[in-house]
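Report on the structure
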Amino acid sequence: MSSKVHAKRRNAFSDNPRTSFIHSPALDLPYLPTEIWLMILREATTMNSDPLDISLGLSFLETTCEVSEYHASMKIKRDLSLVSKMWNKYMQEYLYEFVWISRASQAKALALTLLTQFIEGKPSSGNYIRRLHMETPVLMRCATDDIRTILDYAPHLVIYSDHHSVRCMRYSEFIDVRCSPEQMVSVLANSNSKLRKLSLTNYSDDPFPRHVSPLLRRTAANLEYLELSSSTIPLVSGHLFASKSPIVSLPVLQSLKLTLDNTTFAVLAAWDMPNLRNVSVVSSDFGYAGPGFAYFFAAHGKKLHQLELGHSSSLVVEHYLSLHPRPVQHIPLAEWCPNLKEFICSADAEWSWQNPDWIAPHVLLPGHKSLEFIGIRDIDKRLMDDAFAFPADREDEAPFFPLVEQISSLLFNDAFPSLRYIRDLSRGSHSMRVGQRPETRILKFWAKILARCGERQVWLEDYRGVNITLRDLKRAGLDRIGGAGTLV
């Protein structure tokens, strides 16, 4: 009888599913090859736009990476690196490949990490750094010795961006010779330099290209994007300095962004840039009237496909009127750039008394026969400023009348006969248009613009390049604004 009991007990245990072992493919995951794990982790941490893809940043129409997007990506990378020691080892490359410094303490922490690894004889995480982006508030600029340390241990940089984020001593001698402007620039031009995108800020009073020219000579073979800005306006005459400055050849450079001063433009006018296609100029008012601007565009204007000009002010015209003797003609920008296809301007263009019936996108470009695309920045700021300056009912779009007329001026066939696209380059205005419960007057404003673009057969696009349609506006308003007749 006992044998029967034991037999039943054995049968019961054998029928119990908990005792049976079923092999699962998931158990094989820890034994995947390293290459497969790296591919999986790469896909898990991919950002919307690849921060290491140079081609995405050559056009000034591309939307740049936001700091919030970077922080979200880094949080995912950090969480994955804490899963196991193996994953931590695999994630080191992805943790350090793109470094965004937004305050001085972050630069100091990174410099300390790299120094500690060197002292302890550990592999340097700086070897993984491919992109270094510095964008800080004025009171949180990075110390020069911290940035120099980071650069010393990051020999494989592909993208370097300094947006007025280094704290330099301008009126005293440098305590550390390694941190002088010349040394800070030269360290980027090491023998293994593969820089393809470079954004530099000049913190000294000397003409900017004087100490940057040697760097550009050494990185010329790969450099595709160059941004030069200065915290001061050089006191040396651009024409005199240009004759003494060495000529630099940048054979593959495609995009150039500049803060306008006559010295920089006069020097760059003589540079050899055969593949230059895109130029962005950041300037304030009558700086456009200087001779350096004319030299540059007379030399390189015919090659340009895309041009961005900053603030458009009537002060440019007033400055011309104040000159003695008065110039025979205004700046012939359209003649200097006959092959221009894309133009980017600001939404704060001013009304000109010389052309009272319409507002040009920029005072220097009232028309162009071959222009096909116009992008407009800061529409969100202009909408908010107009709404604040002219208080009205939230349903009344009257405060936006000047902006409607300004954008409508772009549709004049005589001014831009080849125009096919108008793009709103602002993420903020996109959120104002399609966000949760947008204001009715905002939707009416865009409906008017859309209707006028339709009459001219011009496409209206958002910052992503997606067409704006009347159906999108009605959907954003949850159909509470009625039919098309009430929108326009």
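You'll find the structure just up there.
All values derive from a computational prediction rather than experimental measurement. For every chain, the first residue of its written sequence is number 1, and the numbers climb from 1 along that sequence. The predicted nature of this model means local features are confined to residues of pLDDT at least 70 and side-chain atom pairs, given and counted, to a pLDDT of 80 or more, with totals for whole chains, interfaces and linings taken over all residues. To get the side-chain values, all heavy atoms of the structure are used, and hydrogens and water are removed first.

**Notes on the overall build of the chain**
Quick reminder of the rule: What counts as a helix is a DSSP run of H or I of at least four residues, what counts as a strand is a run of E of at least two, and both are numbered from the N terminus. Summary of the burial criterion: residues with accessible area below 20% of their type's maximum are buried, those above 50% are exposed, and those between are partly exposed, where the area comes from a 1.4 Å probe applied to protein chains only. What makes two residues a contact is simply this: any of their non-hydrogen atoms within 4.5 Å. Methods summary: accessible areas were calculated by the Shrake-Rupley approach with a probe of 1.4 Å, and residue burial reflects only the protein chains presented.
The number of helices and strands found in the chain is 19 helices and 14 strands. Burial statistics for the chain: of 488 residues in total, 47% are counted as buried. A separation threshold of at least 6 residues defines the contact pool for the chain, and within that pool the share at least 24 residues apart is 78%. Accessible surface, the chain as shown: approximately 25,400 Å² in total, 57% of it carbon and sulfur.

**Notes on the packing of aromatic side chains**
Centre distance and the angle of the planes are the two values used to describe a pair of aromatic rings. This is how it is decided: Here is the rule: rings of Phe, Tyr and Trp (six-membered ring for Trp) pair when centre to centre is within 6.5 Å. Planes less than 30 degrees apart are stacked, more than 60 are edge-to-face, and the remainder are tilted.
Under the defined criterion, the tally for this structure stands at 13 aromatic pairs. Arranged with centres 6.0 Å apart and planes meeting at 35°, the rings of tyrosine 70 and tryptophan 100 form a pair that is tilted. Here tyrosine 70 is found in helix 3 (residues 67–81), whereas its partner tryptophan 100 is found in strand 1 (residues 98–101), with 30 residues between them in sequence. Of the two residues, tyrosine 70 and tryptophan 100, both sit in the buried class.

**Points about the pairing of strand 6 (residues 197–202)**
For a regular strand, side chains alternate in direction, first toward one face of the sheet and then toward the other. Worth spelling out the cut-off: Any two strands with at least two DSSP bridges between them are considered paired.
In terms of burial, strand 6 is a largely internal element, 6 of the 6 residues being buried. Neither face of strand 6 is open: one carries Lys197, Ser199 and Thr201, the other Leu198, Leu200 and Asn202, and all of them are buried. Where strand 4 (residues 159–162) and strand 6 come together, 3 bridges link them in parallel fashion. Following the sheet pairing, tyrosine 160 is matched in strand 6 by leucine 198. In terms of strand pairing, strand 6 meets strand 7 (residues 225–230) through 6 bridges, oriented parallel. Looking across to strand 7, one finds that serine 199 is bridged to glutamate 227.

**Thoughts on the pairing of strand 9 (residues 278–282)**
Of all the 5 residues making up strand 9, 4 are buried; the element is thus mostly covered by neighbouring parts of the structure. Strand direction decides the pairing type here: strand 8 (residues 255–259) and strand 9, joined by 5 bridges, are parallel. Across the sheet, lysine 257 pairs through a bridge with serine 280, a residue of strand 9. Across 4 bridges, strand 9 lies against strand 10 (residues 306–309) in parallel orientation. Directly across from valine 281, in strand 10, lies its bridge partner leucine 309.

**Description of the packing of helix 2 (residues 34–44) against helix 4 (residues 85–96)**
Rules: Lines fitted to C-alpha atoms define the axes, with helix axes restricted to the stretch in contact, and inter-axis angles between N-to-C directions lie between 0 and 180 degrees. Note on terminology: angles under 35 degrees are roughly parallel, angles over 145 are roughly antiparallel, angles of 65 to 115 are roughly perpendicular, and the others are oblique. By definition, any crossing whose near helix is turned counterclockwise from its far helix by less than a right angle is left-handed, and any crossing with a clockwise turn is right-handed. Gly falls in the polar group here, along with every residue not listed as nonpolar (Ala, Val, Leu, Ile, Met, Phe, Trp, Tyr, Cys, Pro) or charged (Asp, Glu, Lys, Arg).
In contact at an axis separation of 10 Å, helix 2 and helix 4 are set at 60° when each is read in the N-to-C sense. In this view, helix 2 runs oblique relative to helix 4, as classed from their interaxial angle. By crossing handedness, the relation of helix 2 to helix 4 is classed as right-handed. Mapping the contact onto sequence places Thr34, Trp37, Leu38, Leu41 and Arg42 in helix 2 and Met86, Trp87, Tyr90, Met91 and Tyr94 in helix 4. Tallied by class, the residues present in the contact of helix 2 with helix 4 amount to 8 nonpolar, 1 polar and 1 charged.

**Considering helix 11 (residues 291–300)**
Which entries qualify depends on this criterion: This arc is built from the directions going out from the helix axis to the C-beta atoms.
The complete set of buried residues in helix 11 reads Gly292, Phe293, Phe296, Phe297 and His300. The buried residues of helix 11 occupy an angular sector of 120° when projected down its axis, which confines them to one face. Each element contacted by the buried residues of helix 11 is listed here: strand 8, helix 10 (262–268), strand 9, strand 10 and helix 13 (333–336).

**Observations concerning the pattern of salt bridges**
Pairs may arise between side chains of opposite charge once their charged atoms sit close together. Heads up, the rule is: Salt bridges, as used here, are contacts in which a Lys or Arg side-chain nitrogen is within 4 Å of a carboxyl oxygen on Asp or Glu.
Throughout the structure, instances matching the rule amount to 20 salt bridges. Among the ionic pairs, aspartate 424 bridges to arginine 433, the shortest N-O distance being 3.3 Å. The same class applies to aspartate 424 as to arginine 433, namely buried. A salt bridge links aspartate 472 to arginine 475; the nearest nitrogen and oxygen atoms lie 3.0 Å apart. One end of the pair, aspartate 472, and the other, arginine 475, are both in helix 18 (residues 470–476), 3 residues apart, so they sit about a helical turn from each other. Through salt bridges that share partners, Arg42, Lys77 and Glu97 make up one connected network.

**With respect to empty space enclosed by the protein**
Stated precisely, the cut-off is as follows: Buriedness of a pocket was judged along seven lines, with at least five required to meet protein on both sides within 12 Å; pockets are open sets of points on a 1 Å grid over the protein atoms alone, cavities are sets where a 1.4 Å probe fits but cannot get out, and lining residues have an atom within 4 Å of a point. Grid points are joined across faces, edges and corners, and a volume is the space filled by probe spheres set on the points.
Scanning all chains against the criterion turns up 2 cavities of 30 Å³ or more. Of the voids in this model, the second largest cavity is the one considered here, and its volume is about 70 Å³. Taken together, Leu151, Ala154, Pro155, His156, Leu157, Val187, Leu188, Asn190, Ser193, Lys194 and Leu195 form the lining of the second largest cavity.

**Here's the deal with the packing of helix 14 (residues 379–389) against helix 15 (residues 401–409)**
Contact geometry of helix 14 with helix 15 gives a least axis separation of 9 Å together with a crossing angle of 145°. Taking contact as the criterion, the partners of Ile379, Arg382, Leu383 and Asp386 in helix 14 are, on helix 15, Pro402, Leu403, Gln406 and Ile407. Across the contact of helix 14 with helix 15, the residue classes tally to 5 nonpolar, 1 polar and 2 charged.

**Quick notes on the sheet that holds strand 7**
Strands sit in the order 1-2-4-6-7-8-9-10-11-12-13-14 across an open sheet of 12 strands; the sheet is parallel. Edge strands, defined here as strands with exactly one partner in the open sheet, are strand 1 and strand 14 (459–461). Across the sheet, the axes of successive neighbouring strands diverge by a mean angle of 10°, strand direction being ignored. Where strand 10 and strand 11 (residues 342–346) come together, 3 bridges link them in parallel fashion. Across the sheet, leucine 307 pairs through a bridge with phenylalanine 343, a residue of strand 11.

**Here we look at the nonpolar core**
Defined as follows: Nine residue types can take part in a nonpolar core, namely buried Ala, Val, Leu, Ile, Met, Phe, Trp, Tyr and Cys, and a core is a set of them joined through side-chain atoms within 4.5 Å.
Grouped together as the largest cluster of nonpolar side chains are 101 residues, with contacts concentrated most on Ile147, Tyr160, Leu198, Leu226, Phe296, Phe297 and Leu333. When residues in this core are grouped by element, the largest group, 8 residues, is from helix 17 (residues 440–456). Beyond its immediate stretch of four places on either side in the chain, leucine 226 contacts Leu198, Leu216, Leu250, Leu253, Ser255, Leu256, Lys257 and Trp271. Leu58, Val158, Ile344 and Phe373 belong to the second largest nonpolar core, which has 10 residues in total.

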